[in-house]
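# Architecture and fold: a report
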Amino acid sequence: MAGVVLKNVYKVYAGGVTAVSDFNIDIQDKEFIILVGPSGCGKTTTLRMIAGLEEISSGELYIGDKLCNDVAPKDRDIAMVFQNYALYPHMTVFDNMAFGLKLRKTPKEEIKRRVHEAARILSIEHLLDRKPKALSGGQRQRVALGRAIVREPKVFLMDEPLSNLDAKLRVQMRNEISKLHMNLNTTFIYVTHDQTEALTMGTRIVVMKDGFVQQIDSPQKLYDEPCNLFVAGFIGSPQMNFANATVVKEGGQLSLKFGDYTLALPAAKAAELEKQGYIGKEVVLGVRPENVNDETSTEISSSAVLKASVELTERLGSETFLYLIINGVNFTARVSPKSKTQAGEEISVTFDMSRVHIFDKETEKAVVH
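First, a word on what this report is: a plain description of the structure on this page. (Residues numbered from 1 in each chain as written. Predicted model: local features only at pLDDT ≥ 70, side-chain atom pairs only at ≥ 80, totals over all residues. Heavy atoms only, no water.)

### So, the packing of helix H2 (residues 93–103) against helix H4 (residues 137–149)
Packing of H2 against H4 leaves a shortest axis separation of 8 Å and a crossing angle of 30 degrees. By the angle class used here, H2 and H4 are roughly parallel. Seen along the crossing, H2 lies across H4 with a hand that is right-handed. Where H2 approaches H4, its residues Val 93, Asn 96 and Met 97 are matched on the opposing element by Val 143, Gly 146 and Arg 147. Across the contact of H2 with H4, the residue classes tally to three nonpolar, two polar and one charged. (Axes fitted to C-alpha atoms, helices over the stretch in contact; angles between N-to-C directions. Helix = DSSP H or I, 4+ residues; strand = E, 2+ residues; numbered from the N terminus. Parallel < 35°, antiparallel > 145°, perpendicular 65-115°, else oblique. Left-handed = near helix turned anticlockwise from the far one by under 90°. Contact = heavy atoms within 4.5 Å. Nonpolar A, V, L, I, M, F, W, Y, C, P; charged D, E, K, R; others polar.)

And the structure:
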């Protein structure tokens, strides 16, 4: 088993295009790390550099205690699972899973033991004689995972392995991969653009944008304490609501002036804003959908009632989303499924001010949570 360390890693392509800038992380042995971000943010390039499929332009990569910049991919003791499964169509499932071991001249009995053990873990023992074309997408993905497991690598690398599956199967395979990580006790590095996948699977998440690491943290910390506007908007579904507001002080009370509304701030948030000199300045107010409360909510801690026009309602059975306009700004509220609100109505809402986030308008960095 092994940890993975990247120190000041850059990837610059011919023509001066920088795909990854100054990437630093110390991945502990047996961690489940997720690289997440929009398309083109550099997450797959980073994974391919760890695998040895892309050359590192500068910086250092260690797998275990070994500097691996110039080590061939086959000698890095890693296994990679790709988005498109990459199975040999003319071979049976058994032969697909055994192929890498045969190349390494592993004894036949050992190959048989490892393939059957991996098949048992993945519940595909009954498929070992089939060819890939006779398998469903989920079964093919299991075979691709099995081929990686039999290698018994120090590190598993996975590049969007679930993106070709339908929604229900994705949830199921997400659980399977999380269980697999617990059973195998190995380091997993997993790339996805799906932040729900990231939040449910990772022990730590690396959020990337334009080749730069924005924040590395546990899923809950990322959700509760995003370091900037990008992370706040990217993590969480539906995403956080944002609106411009001005910090004002009247009669000793610090508030946010949002259009016609004055939203009183809790003492701790107010003290932090005053200390950092934000009185009179424009900021960005961030409110998660679950902290926009309508009349059906009992969890209200706010001094201001805001008028909202309802553009659309989405009823999902377990919860309802209201798409609102407040002061000309779009907001989403996650409310009780018992809510009777209909599109076209005018309703009153409150913000849970103890849970709002405030960001600097210029730097986009978080000021208070």
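Moving on, there is more to tell.
### Looking at the pattern of salt bridges
According to the stated counting rule, one finds 19 salt bridges in the structure shown. When the shortest N-O distance is used, the salt bridge between Glu 272 and Lys 275 registers 3.9 Å. With a gap of three residues between them, Glu 272 and Lys 275 both fall in helix H9 (residues 267–275), about one helical turn apart. Assessed through its relative accessible area of 24%, Glu 272 is described here as partly exposed. For Lys 275, a relative accessible area of 68% corresponds to the exposed category. (Salt bridge = Lys/Arg side-chain N within 4 Å of Asp/Glu carboxyl O. Buried < 20%, exposed > 50% of the residue type's maximum accessible area, 1.4 Å probe, protein only.)

### Some points on H9
Listing the buried residues of H9 in full gives Lys 269, Ala 270 and Leu 273. Seen end-on, H9 carries its buried residues on one side only, within an arc spanning 100 degrees. Of the residues in H9, the exposed ones pointing more than 90 degrees away from the buried face are Ala 267, Ala 268 and Lys 275. Those residues of H9 that are buried lie in contact with strand S11 (241–250), strand S12 (253–258), strand S20 (357–360) and strand S21 (366–368). Note on H9: the residue one or two positions beyond its end, Gly 277, has a positive phi of about 75 degrees. (Arc of directions from axis to C-beta.)

### Description of the sheet that holds S12
Strand order in this open sheet of six strands is S13-S12-S11-S14-S20-S21, and the pairing throughout is antiparallel. Strands at the two margins of the open sheet, each flanked by one partner only, are strand S13 (261–264) and S21. Strand-to-strand, the axes of this sheet are offset by a mean angle of 45 degrees, without reference to chain direction. Note: S11 against S12, five bridges, orientation antiparallel. Counterpart to Val 247 in the pairing with S12 is Leu 256. Those strands touched by H9 are S11, S12, S20 and S21, and its axis lies near 125 degrees from that of S21. (Pairing = 2+ DSSP bridges.)

### A short note on the side chain of His 181
By the secondary structure assignment, His 181 is in helix H5 (residues 167–184). The class for His 181 is buried, based on a relative accessible area of 11%.

### What to know about the packing of H4 against H5
In the contact formed by H4 and H5, the axes pass within 11 Å of each other and the chain directions differ by 15 degrees. Taken as axis vectors, H4 and H5 run roughly parallel relative to one another. Considering only the axes of H4 and H5, their crossing is right-handed. For the pair H4 and H5, the contacting residues are Gly 138, Gln 141, Arg 142, Leu 145 and Ile 149 in the first and Leu 169, Gln 172, Met 173, Glu 176, Ile 177, Leu 180 and Leu 184 in the second. A class-by-class count of the residues in the contact of H4 with H5 yields seven nonpolar, three polar and two charged.

### Notes on the environment of Cys 68
Structurally, Cys 68 is set in the loop between strand S5 (66–67) and strand S6 (78–81). In this structure, the C-alpha to C-alpha distance between Cys 68 and Ile 50, residues 18 residues apart in sequence, is 8.4 Å. Excluding residues within four positions of it along the chain, Cys 68 makes contact with Leu 61, Ile 63 and Arg 76.

### Concerning the environment of Ala 119
Within the fold, Ala 119 resides in helix H3 (residues 108–121). On a C-alpha basis, the gap between Ala 119 and Val 93 in space is 9.6 Å, while along the polypeptide they are 26 residues apart. Here Ala 119 is in contact with Met 97, Ile 124, Glu 125 and Leu 128, once residues within four sequence places are set aside.

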